[in-house]
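Working through the structure, step by step
Here is how the chains run, residue by residue.
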Amino acid sequence: MSLLVLRGAVEQGLIYALVALGLHISYRTLDIADLTTDGTFTLGAAISAVYVVAGQPLLGVAMALLGGALAGFVTALLQTRLGVQPILAGIITMTALYSVNLAVMGKPNVNFLKESTVFTAAQEWLGEYGALFEAALVTGALCVLLALFLRTQLGLSLRATGDNRDMVAASSINPAFTTTVGLCLANALVALAGALLAQYQKFADNTMGTGMVVIGLASLIIGEVLFGHRARRSLVCGVAAAAVGAVVYRIIVATAIALHVDAKSMKLVSAVIVAAAIAAPALRDKLLFYQKRREASRNA
Amino acid sequence: MPEMLELHRISKTFGAGTIDEKKAVEELSLTLAPGDFVTIIGGNGAGKSTLFNAVAGAFFVDAGRILLDGRDVTFQPEHRRANSIGRLFQDPLKGTAPHMTIEENLALAYLRTARTRSPFGTVGKKDRAFFREQLAALGLGLEDRLKSPVGLLSGGQRQALTLLMATIVTPKLLLLDEHTAALDPATAEKVLALTKRVVAERHITCMMITHNIHSALSLGNRTIMMDAGRIVLELSGEQRAGMTVDGLLDAFRARVGRRLDNDRILLSEAENA
Ligand SMILES: Nc1ncnc2c1ncn2[C@@H]1O[C@H](COP(=O)(O)OP(=O)(O)OP(=O)(O)O)[C@@H](O)[C@H]1O
Ligand SMILES: [Mg+2]
């Protein structure tokens, strides 16, 4: 694999890392598998694309953040106030977003090869390393902010909501509120990822977000496997693991492509990577168990 | 002096209109003065936990009014009331977040009720020293384990930590629902002694459900007995001071017309025998 391809994979990984950070909030912290994610990623890309075409790339990113938070708010409203099961709430919002995203773009995809984007300035300044620098800066800063946030009163409340529902109300935490805050934040991050990726690759299309929740989860888990138990014990490691996992996931995908895996098979390869990553902890436990049993029978 | 807690004829029926209809609490009235420590005993299903849940706001009562420190909280949601009501349950796993550290659990309880109340507040050096001092007072060696996840603690340690969390900022009312029943006898004794000390030192108004009639009579300044959602017997002052376990059981039988039936009470009688 060439250095150019590797750099591209890392750049993309740093952008997709924001999806992993979002899922770190919804899935890891709040313990909700939030399927809004797929729709929100595309929503971020769509909003961002429309604003780039109008010559406002930065405003596009800001609006995508808002749009993502709003999508998270709708899902939270459905599950905390209207009694819809969490998984279903996400699916409902995701389905609605499919139409919303088409309406935002006005067509299934938008190209803007010549337009200037939020990466243009950095690219003019640093040349070919501009995008890498900018993506690293944004993702790094958000990692730090997220790790700091999880220590605050609100952050602790969010974590307690996901960790022990029983204690929550008795500790003067309103779980409807913390769930809403968490889903808004998570989806804002996911939309930001979509917005940045659209501007990075200079196009947006209505299927960009398909499978994003699974890819994001795989990134989380790859990171946790790499960081070991530290990822669960320390806040900073947990957040860093999510980001690193996303980058590693992109490098794996790039390697598969470099090995001439047929483009049509890429979804299959992704699915295998995801299944393997998610199954890894269970497989490891099984393996340890068999090892122990074999040793026991040998010593018997 | 205004009363700390006033319950005016509160009622709660579960499954109203179904064949499972159950009047768990019926037209119950009770008043607690500041500093009162009331122990509560009664048979299985007498409505003791339901009474606590009504006071804490786990559900809204069907009828009646609840005043806490002079304020009507009848329709205030649970998480609001929790700012001034501390609670401990029988299950030690219910009161703490297992994957968060001791420090983080304490920080949560402290930051949510402490003076600052900013959503972005964090604990500083001073607060940490305060936590350590409070943990040391428990005498369980937890002060050196601020960074350990709570899930690694024993049931008794977790319950002691929950007690600390519930009282780290003095609550207006403390509700203890058989909070030592799931612990082994020695640990239960320790947690009970801690409870007694904390409540006395800080003059906390407290209600404690227990199946141990002996502790019901020896702790606190008032005892009530419940049956079928009502208070059937109230003891305080001299009448209470002169009461024995057998005397109380007899009094219950005289009032209700049958023996006090609580599977756990039988156990503790055997223990005391
Ligand atoms: N959420 C609920 N839904 C339906 N019925 C309930 C509910 N909670 C309590 N009950 C019923 O209300 C009655 C009173 O229950 P409660 O838990 O208050 O009793 P208790 O005095 O605490 O008993 P124990 O000593 O066994 O803990 C019981 O008949 C119980 O089955
Ligand atoms: Mg009970």
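The residue numbers shown here count from 1 along each chain, following its written sequence. Lettering of chains starts at A and numbering of ligands starts at 1, both following the order in which they are written. Only residues with pLDDT of at least 70 are given local features in this predicted model, and only at 80 or more are side-chain atom pairs given and counted; all residues enter the totals for whole chains, interfaces and linings. Excluding hydrogens and water, the side-chain figures rest on all heavy atoms present in the structure.

1. Topic: the sheet that holds strand β2 (residues 22-32) of chain B
Residue and element names in this part refer to chain B. Only strands that DSSP links by at least two bridges are regarded as paired with each other. Secondary structure follows DSSP: runs of H or I at least 4 residues long count as helices, runs of E at least 2 residues long count as strands, and numbering of each begins at the N terminus. Overall, antiparallel pairing links the four strands, which are arranged β2-β1-β4-β5 in an open sheet. Single-partner strands in this sheet number two, and they are β2 and β5 (71-72). By the bridge criterion, two bridges tie strand β4 (residues 63-68) to β5 in an arrangement that is antiparallel. Within β5, the position partnered with Leu-68 by the bridge is Arg-71. We call two residues contacting when some pair of their heavy atoms lies within 4.5 Å. For helices, the fitted axis covers only the stretch in contact; all axes are lines through C-alpha atoms, and the angles between them, taken along N-to-C directions, range from 0 to 180 degrees. The strands that helix α1 (residues 48-56) touches are β1 (5-14), β2 and β4; relative to β1, the one it contacts most, it runs at about 115°.

2. Observations regarding the site of ligand 1
Residues and elements named next belong to chain B. Here, proximity means that at least one heavy atom of the residue falls within 4 Å of the molecule or strand. Ligand 1 sits among 14 residues. The nearest are Gly-45, Gly-47, Lys-48, Ser-49 and Thr-50. Counted as a polar contact is a pair of N or O atoms within 3.5 Å, where, for protein atoms, one must be capable of donating a hydrogen and the other of accepting one, and residues adjacent in sequence contribute only when both atoms are in side chains. Measuring from an oxygen atom of ligand 1, one finds a backbone N or O atom of Gly-47 at 3.0 Å. Exposure was quantified through the Shrake-Rupley algorithm and a 1.4 Å probe, taking into account, for residues, occlusion by the shown protein chains and nothing else. Its free accessible area being 640 Å², ligand 1 has 61% of it covered by the protein chains. Going through the elements one at a time, β2 and α1 are the ones with two or more residues in the shell around ligand 1. Taken together, the residues that form the shell around ligand 1 break down as three nonpolar, seven polar and four charged. Ten residues, namely Ala, Val, Leu, Ile, Met, Phe, Trp, Tyr, Cys and Pro, are considered nonpolar, four, namely Asp, Glu, Lys and Arg, are considered charged, and the remaining ones, Gly among them, are considered polar.

3. A short note on unusual backbone geometry
One non-glycine residue with positive phi stands out, namely Ser-172 of chain A, at about 60°. As for its position among the elements, Ser-172 of chain A is in the loop between α8 (165-170) and α9 (175-201). Unusually for a residue other than glycine, Glu-178 of chain B sits at a positive phi of about 50°.

4. Re the confidence of the model for chain B
A residue-level look at chain B finds 95% of positions with pLDDT of 70 or above and a mean pLDDT of 89. Across the assembled chains, the prediction reports ipTM 0.87 with pTM 0.88. Scored between 0 and 100, pLDDT is the confidence that the predictor attaches to each residue.

5. So, the environment of Val-123 of chain B
All names here are of chain B. Relative to the helices and strands, Val-123 is located in the loop between α3 (102-113) and α4 (125-138). In this structure the C-alpha to C-alpha distance between Val-123 and Ala-137, which are 14 residues apart in sequence, comes to 20 Å. Residue contacts for Val-123: discarding those within four places in its chain leaves Glu-103, Ala-107, Leu-111, Arg-128 and Phe-131.

6. Let's talk about the environment of Gly-211 of chain A
Following the sequence through the fold, Gly-211 of chain A ends up in the loop between β2 (203-205) and α10 (212-227). Each residue is assigned to one of three classes by its accessible area relative to the maximum for its type, calculated with a 1.4 Å probe on protein chains only: buried under 20%, partly exposed between the two thresholds, exposed over 50%. For Gly-211 of chain A, a relative accessible area of 25% corresponds to the partly exposed category.

7. So, the sheet that holds strand β3 (residues 37-42) of chain B
All names here are of chain B. What the six strands build is an open sheet, ordered β6-β7-β8-β3-β9-β10; its pairing is mixed. Single-partner strands in this sheet number two, and they are β6 (85-88) and β10 (230-236). Neighbour to neighbour, the strand axes of the sheet diverge by 15° on average, direction disregarded. Relative to strand β8 (residues 206-209), β3 runs parallel, the two sharing four bridges. From the neighbouring strand, Thr-39 faces β8, where its bridge partner is Met-208.

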